[in-house]
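Survey of secondary and tertiary structure
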Amino acid sequence: MIWRLFSVALIAWVLGFALFTVALPRPAPDGLVTDAVVVPTGAPGRIDRGLAVVRAGNAKRMLVTGVDPDVRPGELAVAYKVPARVFACCVDLGHEAVDTRSNADETADWVRTHGYGTVRLVTSDWHMARAALELRHALDDRVEVIADPVPGTPRFGILFDEYNKYLVRRVVLWLGLGV
């Protein structure tokens, strides 16, 4: 009996992993307007996408969460070839987060401070499921989170790790063990 339960669980895990890898989310449509955009640091293309959203006028403000404490807005403006005035008016750097969960907590505090009702989450496609799960958990139910993933080409190991992290965190939240 235990062998059968283990076999069923293994088959469910394998099918779930297969679905996770082939059904990575697609970017949000161009022109979609949200109150704000949040970008956790990490893989390439995330900050570029967030800045494009702000510069197009599709979000009022952007938070880059998980930024090294030594990084300053002017440095990012130069690195991303964006006028310093864009950073001065519309980009905040969050220096407290160190992982996906603390990115969500830092973002939730920022969203509450500004009173935003819609937030566009920009992260890698392979990271979106867990990042969105964490952010929705940290935010008030009245705040809508819109996924806007940046397409990538993750290696098998990254997908494997991310799927397992997502499953573990989902179970922890489902059991009510996560804060």
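Notes on the structure follow. Throughout this document, residue positions are counted from 1 along each chain, in the order its sequence is written. Side-chain atom pairs in this predicted model are given and counted only at pLDDT of 80 or more, local residue features only at pLDDT of at least 70, and totals for whole chains, interfaces and linings cover all residues. With hydrogens and water stripped out, all remaining heavy atoms of the structure feed into the side-chain values.

Helical segments are the DSSP runs of H or I of at least four residues, strand segments are the runs of E of at least two, and each set is numbered from the N terminus. Along its length, the protein carries 7 helices and 5 strands. In sequence order, the protein lays out its α and β elements as α-β-α-β-α-α-β-α-β-α-β-α. Here the C-alpha atoms of the protein give a radius of gyration of 18 Å, agreeing with the 16 Å that 2.2 N^0.38 yields for 179 residues. The dimensions of the protein, computed from C-alpha atoms along their principal axes, are 65 × 35 × 30 Å. Every one of the 179 residues in the protein was classed for burial, and the buried ones make up 44%. Restricting to contacts in the protein with at least 6 residues of sequence separation, those with at least 24 account for 80%. With C-alpha atoms as the basis for the radius of gyration, the globule rule is written as 2.2 Å multiplied by the number of residues raised to the power 0.38. Three exposure classes are used, based on accessible area relative to the maximum for each residue type with a 1.4 Å probe and protein chains only: buried under 20%, partly exposed in between, and exposed over 50%. We call two residues in contact when some of their heavy atoms are within 4.5 Å.

Glancing now at the state of the cysteines. Any cysteine sulfur atom paired with another within 2.5 Å is treated as part of a disulfide. Summed over all chains, the structure comprises 1 disulfide. Across the disulfide, C89 is cross-linked to C90 (sulfur-sulfur distance 2.1 Å). Negative torsions about the S-S bond denote left-handed disulfides, and the value of about -80° found for C89 with C90 makes this one left-handed. Owing to a relative accessible area of 41%, C89 belongs among the partly exposed residues under this scheme. Residue classification places C90 among the buried residues on the basis of a relative accessible area of 13%.

Moving on, we get to empty space enclosed by the protein. Whether a set of points on the 1 Å grid over the protein atoms alone is a cavity depends on a 1.4 Å probe fitting there but being unable to get out, while an open set qualifies as a pocket with protein on both sides within 12 Å along at least five of seven lines; lining residues are those with an atom within 4 Å of a point. Grid points are joined across faces, edges and corners, and a volume is the space filled by probe spheres set on the points. Inspection of every chain in the model, using the stated rule, returns 1 cavity of 30 Å³ or more. Estimates place the volume of the largest cavity at around 60 Å³. Along its surface, the largest cavity is lined by V38, P40, T65, T100, N103, A104, T107, L121, H127, A131 and L135. Of all the secondary structure elements, the ones that give two or more residues to the lining of the largest cavity are β1 (36–40), α5 (100–114) and α6 (128–138). Under the convention adopted here, Pro, Cys and the residues Ala, Val, Leu, Ile, Met, Phe, Trp and Tyr are nonpolar, Asp, Glu, Lys and Arg are charged, and Gly plus all remaining residues are polar. Grouping the constituent residues of the lining of the largest cavity by class yields 6 nonpolar, 5 polar and no charged.

Attention now goes to the packing of α5 against α6. For helices, the fitted axis covers only the stretch in contact; all axes are lines through C-alpha atoms, and the angles between them, taken along N-to-C directions, range from 0 to 180 degrees. Running from N to C, α5 and α6 cross one another at 45°; their axes reach a closest spacing of 8 Å. On the basis of the axis angle, α5 is oblique to α6. Seen from above, α5 lies across α6 with right-handed handedness. Contact with α5, carried on its side by T100, R101, A104, D105, T107, A108 and R112, involves R130, A131, E134, L135 and A138 of α6 and no other residues of that element. Just so you know how the angles are binned, under 35 degrees is roughly parallel, over 145 roughly antiparallel, 65 to 115 roughly perpendicular, and the rest oblique. For a crossing to be left-handed, the near helix must be turned anticlockwise from the far one by less than a right angle; the clockwise case is right-handed.

We now examine the nonpolar core. Only buried residues count toward a nonpolar core. Its members are Ala, Val, Leu, Ile, Met, Phe, Trp, Tyr and Cys residues joined through side-chain atoms within 4.5 Å. V37, L51, M62, V64, F87 and V91 are the most contacted members of the largest nonpolar core, which totals 20 residues. Listed by contribution, the elements that provide at least two residues to this core are β1, α2 (46–55), β2 (61–65), α3 (73–79), α4 (84–90) and β3 (91–94). If you tally residues by element for this core, the top one is α2, at 4 residues. Setting aside residues up to four positions removed in sequence, F87 forms contacts with L51, P73, L76, A77 and V82. Formed by 18 residues, the second largest nonpolar core is a distinct cluster that contains W110, Y116, V119 and L139.

None of the figures reported here should be taken as evidence of function without further support.
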